[in-house]
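Residue-level structural notes
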Amino acid sequence: MAHPVAPVSPPLKDDLDIVIPTIRNLDFLAMWRPFFEPYHLIIVQDGDPTKTIRVPEGFDYELYNRNDVNRVLGPRVSCISFKDSACRCFGFLVSKKKYIFTIDDDCFVAKDPSGKEINALAQHIQNLLTPSTPLFFNTLYDPYRDGADFVRGYPFSLREGVPTAISHGLWLNIPDYDAPTQLVKPRERNSSTGRYVDAVMTIPKGSLFPMCGMNLAFDRELIGPAMYFGLMGDGQPIGRYDDMWAGWCAKVICDHLSLGVKTGLPYIWHSKASNPFVNLKKEYKGIYWQEEIIPFFQSVLLPKECTTVQKCYIELSRQVKEKLGPLDPYFQKLGDAMVTWIEAWDQLNSPAQQAAANKKNESTPSTKSSILFGVTY
Ligand SMILES: O=c1ccn([C@@H]2O[C@H](COP(=O)(O)OP(=O)(O)O[C@H]3O[C@@H](CO)[C@H](O)[C@H]3O)[C@@H](O)[C@H]2O)c(=O)[nH]1
Ligand SMILES: [Mn+2]
């Protein structure tokens, strides 16, 4: 007699949260339903907290508006940006799961060159669950993919790889260009028959990269405290460098702690080109500051006593204030906000909080209202 086959549970179903920053209704989720519905969503509503965000039926989610963020963090709310997609990192703070996938609400399911719909979440999970190779470049790219391996000359002592902390996905249709590039190439589109590169690569140790936050996954337990998206948007002199800042901080810490960062598959379909003139206003200081910021990150040395992400991050904040502070007072503020972020992280992710969250998960049905933390500060 044939034995009934147990239904296969979606990978990491209970170990991964999907974080979405938003200022609009989340109808885009309808297209992602086959891939996202089994997972818990953390929606971070930016802007006017009195606005109602419509979420399609059937999704299990918690939604935090600005009033909730204020209530959960109290005075530490100063580190969470307002009116900028950087607010998404609040979702990283309050999640209790090991993995995070974050996606923008103008990103849709893409198709590969064969026309098959891409399950971006499954590919990110695959990327995170297999090792990275930052210490020696494999010319067949990801050696852990089916049909690939380590090539001749690859040291066997390095073939175990290192744990993967970040999986950085790419985009069809509207690429993640900065405003000047958008202005000179307003009609450039990346179709699936255009630049669809079927590869996942580890970013080598010692190399920085421009991390885009719209199709990104990471291991919260390995690198979560470094995934702070900085002070952007309302009241700040810079915007659209939230994910870049987080990526530069996270990469130098990954290099120090022997953790890996991968980029490449999966692709999503980025549908909306934001206004290049508005973007230029947000980006322009970043465009020239980064000529100083990048050499700073390239020269960062973290002492061997920095054995945890938090310790690395606090040391990094000290160096940001010391070495970038003279560039602009903004970096003094940012360095202080980096410390506040770690305080908030430890406040919400202490063992007591973890135990309370585990207890609540056993008995708490999914709710569409914001979940208030019983947080004392
Ligand atoms: O004030 C805001 C504006 C937007 N959001 C939410 O954040 C994401 C991204 O918004 P959008 O797609 O409009 O912005 P882009 O110009 O495409 O750039 C964003 O994508 C990142 C990569 O380019 C970049 O860091 C962002 O600026 C959407 O989900 C909006 O709803 C917000 O929360 N607050
Ligand atoms: Mn977008």
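What counts and how
- Residues numbered from 1 in each chain as written.
- Chains lettered and ligands numbered in written order.
- Predicted model: local features only at pLDDT ≥ 70, side-chain atom pairs only at ≥ 80, totals over all residues.
- Heavy atoms only, no water.
- Donors = N, O, S within 2.8 Å, 3.2 Å for Na, K, Ca; no water.
- Helix = DSSP H or I, 4+ residues; strand = E, 2+ residues; numbered from the N terminus.
- Buried < 20%, exposed > 50% of the residue type's maximum accessible area, 1.4 Å probe, protein only.
- Core = buried A, V, L, I, M, F, W, Y, C linked by side-chain atoms within 4.5 Å.
- Contact = heavy atoms within 4.5 Å.
- Axes fitted to C-alpha atoms, helices over the stretch in contact; angles between N-to-C directions.
- Parallel < 35°, antiparallel > 145°, perpendicular 65-115°, else oblique.
- Left-handed = near helix turned anticlockwise from the far one by under 90°.
- Near = heavy atom within 4 Å.
- Polar contact = N/O pair within 3.5 Å; in protein donor to acceptor, adjacent residues only side chain to side chain.
- Areas by Shrake-Rupley, 256 points an atom, 1.4 Å probe, with all protein chains shown as cover.
- Phe/Tyr/Trp six-rings, centres within 6.5 Å; stacked < 30°, edge-to-face > 60°.
- Lys NZ or Arg CZ within 6 Å of the ring centre and 35° of its normal.
- Arc of directions from axis to C-beta.
- Salt bridge = Lys/Arg side-chain N within 4 Å of Asp/Glu carboxyl O.

An unreviewed UniProt entry annotates the protein as UDP-arabinopyranose mutase of Citrus sinensis.

Another aspect to go through is the coordination of the manganese ion (ligand 2). Protein coordination at the manganese ion (ligand 2): the donors are Asp-106 (OD) and His-270 (NE2), at 1.9 to 2.2 Å from the metal. Here His-270 lies in strand 9 (residues 260-270) and Asp-106 lies in the loop between strand 4 (99-103) and strand 5 (107-109), a separation of 164 residues in the sequence. The residues Asp-106 and His-270 share a single accessibility class, namely buried.

Let us now look at the nonpolar core. Core analysis: the biggest nonpolar cluster contains 68 residues, and Ile-223 and Trp-245 have the highest contact counts within it. Broken down by element, this core gets its largest block of residues, ten residues, from helix 10 (residues 330-348). Discounting residues that sit within four places of it in the chain, Ile-223 has contacts with Ala-165, Ile-166, Phe-218, Ala-250, Ile-253, Cys-254 and Val-309. Within the second largest apolar cluster, 40 residues are counted, among which are Leu-16, Trp-32, Phe-59 and Phe-101.

Right, let's talk about the packing of helix 7 (residues 242-256) against helix 8 (residues 276-299) for a bit. Running from N to C, helix 7 and helix 8 cross one another at 15°; their axes reach a closest spacing of 10 Å. Classified by the interaxial angle, the pair formed by helix 7 and helix 8 is roughly parallel. For the pair helix 7 and helix 8, the crossing hand works out as right-handed. On the side of helix 7, the interface is formed by Trp-245, Trp-248, Cys-249 and Val-252, while helix 8 contributes Gln-290, Ile-293, Ile-294 and Phe-297.

Attention now goes to the site of ligand 1. In the vicinity of ligand 1 there are 21 residues, among which Pro-21, Asp-46, Asp-105, Arg-240 and Ser-274 approach most closely. For ligand 1, an oxygen atom lies 2.7 Å from a polar atom in the backbone of Pro-21. In the model, an oxygen atom of ligand 1 is placed 2.3 Å from a nitrogen or oxygen of the Ser-274 side chain. Protein contacts shield 90% of the accessible area of ligand 1, which totals 660 Å² for the unbound molecule. Of all the elements in the fold, those that place two or more residues in the shell around ligand 1 are strand 1 (16-22) and helix 7.

A word on the packing of aromatic side chains. Here the distance between the centres and the angle between the planes together describe a pair of aromatic rings. Enumeration over the complete set of coordinates arrives at 23 aromatic pairs. Between Phe-136 and Tyr-154 the ring centres are 4.9 Å apart and the planes differ by 80°, which places this aromatic pair in the edge-to-face class. One end of the pair, Phe-136, is in the loop between helix 4 (120-129) and strand 6 (164-173); the other, Tyr-154, is in the loop between helix 4 and strand 6, with 18 residues separating them in the sequence. Look at Phe-136 and you get partly exposed, because its relative accessible area is 35%. Tyr-154 gets classed as buried once you look at its relative accessible area, which sits at 2%. Centre to centre, the rings of Tyr-196 and Tyr-267 are 4.6 Å apart; their planes meet at 25°, and the pair counts as stacked. Of this pair, Tyr-196 sits in the loop between helix 5 (179-184) and strand 7 (200-202) while Tyr-267 is found in strand 9, placing the two residues 71 residues apart along the sequence. A residue is classified by how much of its surface remains accessible, and Tyr-196, at 18% relative accessible area, is buried. Ring pairing ties together the aromatic residues Tyr-241, Trp-245, Trp-248, Tyr-288, Trp-289, Phe-296, Phe-297, Tyr-330 and Phe-331, which thus form one cluster. Positioned above the aromatic ring of Phe-156 is the side chain of Arg-159, whose terminal nitrogen or guanidinium carbon lies 3.5 Å from the ring centre.

Taken together, the buried positions of helix 1 (residues 29-36) are Leu-29, Trp-32, Phe-35 and Phe-36. Angular distribution of buried residues about the axis of helix 1 spans 100°; they occupy a single face of the element. Tucked inside the fold, the buried residues of helix 1 contact strand 1, strand 2 (40-45), strand 4, strand 5, helix 4 and strand 9.

Below, the discussion takes up the pattern of salt bridges. In total, this model carries 18 salt bridges according to the counting rule given. Note that Arg-54 is salt-bridged to Asp-27, the shortest N-O span being 3.0 Å. In this pair, Arg-54 sits in the loop between strand 2 and strand 3 (60-64) while Asp-27 sits in the loop between strand 1 and helix 1, placing the two residues 27 residues apart along the sequence. Glu-322 is the partner of Arg-318 in a salt bridge, and the nearest nitrogen-oxygen pair spans 2.8 Å.

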